[in-house]
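Observations on chain architecture
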Amino acid sequence: MKTLVSISAAKKRSFCFLNFDDGSYILCSIDLVSKFTLKKGQEVDDDTIQNITQMQNTYDCRQAALNYATYSLRSEKQVLDALTKKGFSLKIAEDGLQFVKEFGYVSNPVFCEQFIKAKVQRRYYGIDRIRRELALKGIEESMIHESIQLYYPIESLQVYAYKSAQKKLRSI
């Protein structure tokens, strides 16, 4: 059991420090302080402290996932890799991924469609290169095959090959 000595505001408006009698502290959201009805002088057990830190980690992970997914169109694997790279555990990172999937910010079929259209129109990528890059981004082979059939303009293949060759000749 630790005694909560003070609750002080942090530089970020929605965060505060919970200072305990043994000199330790926790940075957490003001929402968590109100949810747990924490007050100065209150005795807090270790389970409550662990719950507060776990809920704060989940909140931070969800916020990081939202920031990463809304910046640009991403695949599910890209979001999961970015969250684990930031130091979140796999369980919390999967929760963050599920959070952004619920709101429609991450969808592998939509990602495939937009990726194929962008790479064909701007870079004149061929089918094999698109297939390779989508596989690197964590898309299943069946979804890659289906997306290429739906969104890759096979009738324009010769035109794209010619434009790609022209582009390469300019750089030589």
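This text goes with the structure placed above it.
We now turn to the structure provided with this report. This is a predicted model, so every value here is computed, not measured.

1. Brief notes about the pattern of salt bridges
All chains considered together, the criterion is met by seven salt bridges. As a salt-bridge pair, E76 and K101 come within 3.6 Å of each other at their nearest N and O atoms. Residue E76 is found in helix α3 (residues 76-85), and its partner K101 is found in helix α4 (residues 90-102); the two are separated by 25 residues along the sequence. For K101, a relative accessible area of 32% corresponds to the partly exposed category. Residues R129 and E133 are paired through a salt bridge, measuring 3.1 Å at the closest nitrogen-oxygen approach. In this pair, R129 and E133 both sit in helix α6 (residues 127-136), four residues apart, roughly one turn of the helix. Assessed through its relative accessible area of 38%, R129 is described here as partly exposed. Judged by its relative accessible area of 19%, E133 is buried.

2. Description of the packing of aromatic side chains
Inspection of every chain in the model, using the stated rule, returns four aromatic pairs. Ring geometry for F99 and F103: centres 5.1 Å apart, planes at 70 degrees, overall edge-to-face. With a relative accessible area of 52%, F103 lands in the exposed category. Over the ring of F20 we find K2; its NZ or CZ atom is 5.6 Å from the centre of that ring. When the ring centre of Y125 is taken as origin, the NZ or CZ atom of R129, which lies over that ring, is 4.0 Å away.

Conventions and cut-offs
Residues numbered from 1 in each chain as written. Predicted model: local features only at pLDDT ≥ 70, side-chain atom pairs only at ≥ 80, totals over all residues. Heavy atoms only, no water. Salt bridge = Lys/Arg side-chain N within 4 Å of Asp/Glu carboxyl O. Helix = DSSP H or I, 4+ residues; strand = E, 2+ residues; numbered from the N terminus. Buried < 20%, exposed > 50% of the residue type's maximum accessible area, 1.4 Å probe, protein only. Phe/Tyr/Trp six-rings, centres within 6.5 Å; stacked < 30°, edge-to-face > 60°. Lys NZ or Arg CZ within 6 Å of the ring centre and 35° of its normal.

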